[in-house]
Every structure is written in structure tokens, then in C-alpha cells.
Amino acid sequence: MDLVLQSIVNGLIQGGFYSLFAIGLVLIFGVMRVVNFAHGELVMVGAFTIWVVHAQFGIGYIPAIAVAIVLVTVIGLLMERVLFRPTRADPLAGLICSIGVLFILQVIATLVGGDGPSKQVPPPYHGTLVLFEMIRIPYQRVFSLVVSAAALGGLWFFLTRSKFGWALRAVAMDREVAALQGINTNKISIVAISVGAALAGLAGGLVAPLGNINPHMGHNVIVTAFIVTIVGGVGSLSGAILAAILYAMFHTFVTVYFGATIATIAGLTLMVVVLIVKPTGIMGVKVSE
Amino acid sequence: MLLQVDNIHVHYGPVAALKGVSLEVGESDFVTLIGSNGAGKSTTLRTISGLNTPTAGEIIFDGNRIHGLSADRILRMGIAHVPEGRRVFKDLSVTENLLLGAFTRDDQDGIKKDLSQVFERFPRLLERKTQMAGTMSGGEQQMLSIGRALMSNPRVLLLDEPSLGLAPNIVRDIAQILTEINEQGVSVVLVEQNAELALELARHGYVLETGNVALEGDAKGLMDNEHVRKAYLGI
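A quick note: this is a predicted structure, and the numbers were derived from the prediction, not measured. (Residues numbered from 1 in each chain as written. Chains lettered and ligands numbered in written order. Predicted model: local features only at pLDDT ≥ 70, side-chain atom pairs only at ≥ 80, totals over all residues.)

Visitor: I keep staring at the overall build of chain B and nothing clicks. Help me out?
Guide: Regarding its fold elements, chain B presents 10 helices and 10 strands. Relative to the 2.2 N^0.38 estimate, which gives 18 Å for 235 residues, the radius of gyration of chain B is 17 Å and therefore close to what a compact globule would have. For the C-alpha atoms alone, the extent of chain B along its principal axes is close to 45 × 40 × 30 Å. Residues counted as buried form 46% of the 235 residues belonging to chain B. (Helix = DSSP H or I, 4+ residues; strand = E, 2+ residues; numbered from the N terminus. Rg over C-alpha atoms; globule rule 2.2 N^0.38 Å. Buried ≥ 20, exposed ≤ 12 C-beta atoms within 10 Å, placed from the backbone.)

Visitor: What am I meant to see in the confidence of the model for chain B here?
Guide: Caution is warranted with low-pLDDT regions, since their predicted coordinates should not be read in detail. Residues and elements named next belong to chain B. On average, residues of chain B score 92 in pLDDT, and 100% of them are at 70 or above. Taken element by element, chain B is modelled with least confidence in helix 10 (residues 226-231), mean pLDDT 82, and with most confidence in strand 6 (residues 79-82), mean pLDDT 96. Reported confidence for the predicted complex is 0.90 by ipTM and 0.82 by pTM. (pLDDT = per-residue confidence, 0-100.)

Visitor: So what exactly am I meant to see when it comes to the interface of chain A and chain B here?
Guide: Reports often express the size of an interface as the amount of accessible area lost when the parts come together. Listed per partner, the contact involves 16 residues of chain A and 20 residues of chain B. Secondary-structure elements contributing two or more residues to the side of chain A that touches chain B are helix 6 (163-173) and helix 7 (175-180) of chain A. Element by element, the count of residues in the side of chain A that touches chain B is highest for helix 6 of chain A, at six residues. Its residues assigned to classes, the side of chain A that touches chain B shows nine nonpolar, three polar and four charged. (Contact = placed C-beta atoms within 7 Å. Nonpolar A, V, L, I, M, F, W, Y, C, P; charged D, E, K, R; others polar.)

Visitor: Can you walk me through the sheet that holds strand 5 (residues 64-65) of chain B in this structure?
Guide: Strand pairing in a sheet is mediated by backbone hydrogen bonds. Such pairs are either parallel or antiparallel. Residue and element names in this part refer to chain B. Sheet architecture is open: four strands sit in the order 2-1-4-5, paired in antiparallel fashion. Each edge of the open sheet is held by one strand with a lone partner, namely strand 2 (15-25) and strand 5. The pairing of strand 1 (residues 3-12) with strand 4 (residues 56-61) spans five bridges and is classified as antiparallel. Considered in strand 4, the bridge of Leu3 is made with Phe61. (Pairing = 2+ DSSP bridges.)

Visitor: Would you mind going over the sheet that holds strand 8 (residues 187-192) of chain B with me for this structure?
Guide: All names here are of chain B. Strand order in this open sheet of six strands is 6-7-8-3-9-10, and the pairing throughout is mixed. Strands at the two margins of the open sheet, each flanked by one partner only, are strand 6 and strand 10 (212-218). Pairwise comparison of adjacent strand axes, ignoring direction, gives a mean angle of 15° for this sheet. Running over the sheet, helix 7 (residues 168-183) touches strand 3 (30-35), strand 7 (156-160) and strand 8 and is turned about 150° from strand 8. (Axes fitted to C-alpha atoms, helices over the stretch in contact; angles between N-to-C directions.)

Set out below in C-alpha cells:
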């Protein structure tokens, strides 16, 4: 029983973290119709920034997260302006460009950090929160959960309550008709990639003290993001959050009982099954042309 | 002349969709473009509203050249486009769709006034104001699409096939509303396959055939024209 409750809590924390980068992928795809293969590398750059700024230069963890967010957002903005905007007429070109960015960022990270063993960042928050004398959550993970939830809540508020948020959703639904309402779709693309990249930078900042940091860590991120987006329904923001939490639960439980490798295989199998049985995902919207 | 389209050419890749289309729309005018599928009616509207860019020719609106400007800037200048197939934002509510139509405006009082005016004009939309637009009938979605365009407070309203797939009584309602909108001073450019309805409503008509203006003139005159009667009115 303890293990089940503990796994649910762990899954929830993991789910919040998955949501951060999965929702960025969905936002960028929704608004720009580009599958950003480099999204995992944006998270990696965020984590690397924490290693450099916090672990090497000794600047505080929170300011280091801010630096990571700003740096990754700038990379995202450059990608939009230099790669995605000029190739908009051809979605395949944008996708291939993003794969190019993936390799470039990996090489830069290797140049910065060397290709030795994975880096570790000592957790800035120590101690463990004990709930009901049986669920144990390290404060570092409590911090991760609170920040993820706050970021997602803020995003939700922005998308549903602000005029710009409506405009963003309108562009994701129908870019042409959004332009006919006077919405500057280039501006919205900039907002979408900024938000998506900032969340990826934040995710990198949160994961840095919790795992291994290396130039190839983006691989797991993008696989997870794809599973979550497809299970949740491509183009559905609420679907992505729901799927992120469900998938994290699933992954945590399979890991606890069968091991991490089996969990990843099971996750990919789940994605394939969803693609065959319900290609629109659990909350999918049809992608209109 | 409020809107002047002068000899525009539009290409989709190597294919010429418009080969020199000219037309004029005056203040509070009601103009219709009729013609068969693929004649270039939709392309003409899309080029005026900035969704397509002409490869040659000029579009002048209120003394300014607007061809080559982006669609959002053209909307800001006062040309609203009700696209073919209605294309409402399906996952947003009726009210949210209408407020997006007023995206460029900051005058909260004016927006409120226009919103209640749209609800007055389309009582069905008021009944369904919190409903998701995608769950409504075709006729209701068409009303929403027109209402959304009106929310930008346009001087020219472009409509692409508003009667398509709708029941005759709904088509009548929409025709009535277009006449009212026009009487309140908005210039209307109506693209229709239903040539009879279009010529009945409009003052001036253009007949498009394979990317050219084949005929133009007074709407009543076109209705009596032998070629129009044979080819488009089925008489």
C-alpha cells in the first residue's frame, strides 16, 4: 500500500515535469505546424546551463534557472526567425531544420562540458517531506512539483483568460482565419515558441539536480514528449497535460514493478496502440488543413 | 471609388488562377461575383483580403495600395472576409468567436455595443452564446462567421458562398441580413454559385470565367442577359 501511494505521488511529480516540455511541443506544433525535434535538446541546454552557472560558477539555483529560461528562449526565438518562418510553406523542411538544431546543440554541449561522464548538480534543497508517516518526497521534488504546477497554471490562465491567449488558440485552430480577424500570426508564432522554449528551459532547470546531465539526455525527453502528445491527442493542450500525468503514473508503476527499460518499451507500445486504435488520442482534435 | 481591383493576376505555382481581373466597389455598394467552380471567385476575394498575393496588378482601398499587405493589416484597414466553408473556431464558444472578430479593437464600449447588435441581428447566436461553435448547425455557423466579421466594424464585407449547403429558409434569412447590413452603409462583395439569389440582392454584378471577367454590369441587366440566363440561371 505504501509503495502504491508513494508511486502515485512520484508519478504526479514526474507528470508535472513531463507536462512542461510536452505542452511546449504541442504549442509549437499547434501554432507553427512544425514538429520540433530539437525540443529535448532545449531541455538539455536548460539543464546544462544549471550545471555551468550554478554548479561551476556557484551562482544561486533560482537565478541559474532564470538564466536557463532566458538562454533557451533566445535559442527558440532564433529557431523561429531563422529556420521555421522561412520554411513555413514546407513543414518537412522545418522538421529537418529542427533535427539539424538537435545535433548542433548536442555538439555545443559536448564542447562546453567535454564528453566525459554525465554531470551531476548537487540538489540545492535538502531533506525529505514525510506525509502520513509513509510517503516520502525529497524537498527537491516538492520544489519541482510546485514550480511545474505554477507554470502550467499560469499558462492555462494566459490561454483561457487573455486576449493573446485566445489569439494563440485561434491561430492553432486555423491560421488563415485567425489572420482574417486581424491577428498578426507571425507575432503569435513568436509568443508560442517563446512560451514553449521557456517551459523547456524551466524543465531543464528543474531536472538538473535530479538526474544525470549529458549532451544526449534530450533523447529521452523527446521520446516521452512524443508518447505524451500522441496519447493526449496532437494539438490538444489539455490532452497533453492529462496524458503527461497518466503516462508518468504508468511509467512509474511499470518501473517499480518491472524496471525502467520495460517501462520505456511499454510506453512506446502504448503510443503505437493509441495510434492504431484511436489516432486522435484521448482528447484529440482533428488537424484541419 | 472605395475599393478598386485593377487587372490582378494570381498564380498557384505555375497555374494562373486570375488572368487580369478588375472590379470596383463604391461606398455602400452591393457587388456580386458569379461564375462556376474554379472561375476565380474565391481567389479574387482571398487576394483582396491578403490571403493571396497578386503577381501583377493593383488593389487600391480608400486611396491606399493594399496588395502585398498581410491579411491582419488589411482587416485593420476595414475589409472583413467571411471565408468559404464558414470556418468558425470550433473549440471556442460563440461569444469567444465574436470577440476574436473584434481582436484589433480597444474600445470596450464599442465592442460591447456591437456584440449586442450582432446578438440582436442573430437571436440564434444569443441563445447559444456559451456553446462551442463546432457543435452548431451549418446555418448557425454561417451566422456566427458573418457576426464575427461584423465585429471588426468593417467598411467592406467580403462573403464567400454564404448560402452553400444551407436550407432555403436559412438562405432567405441570411439574404435579408446582408441587405440590412448593406443598408447600414457597409459595402458588400458577395461571391455566390447561387447566381439568381446573388443578382437579386446585388446592384452590380461580375461574371467570372476561367480567371477573367467575362461580363459585367447592372445586376438587373445581367439577369436578363442571354448568356447569364443560359449558363448560370438555368433558364
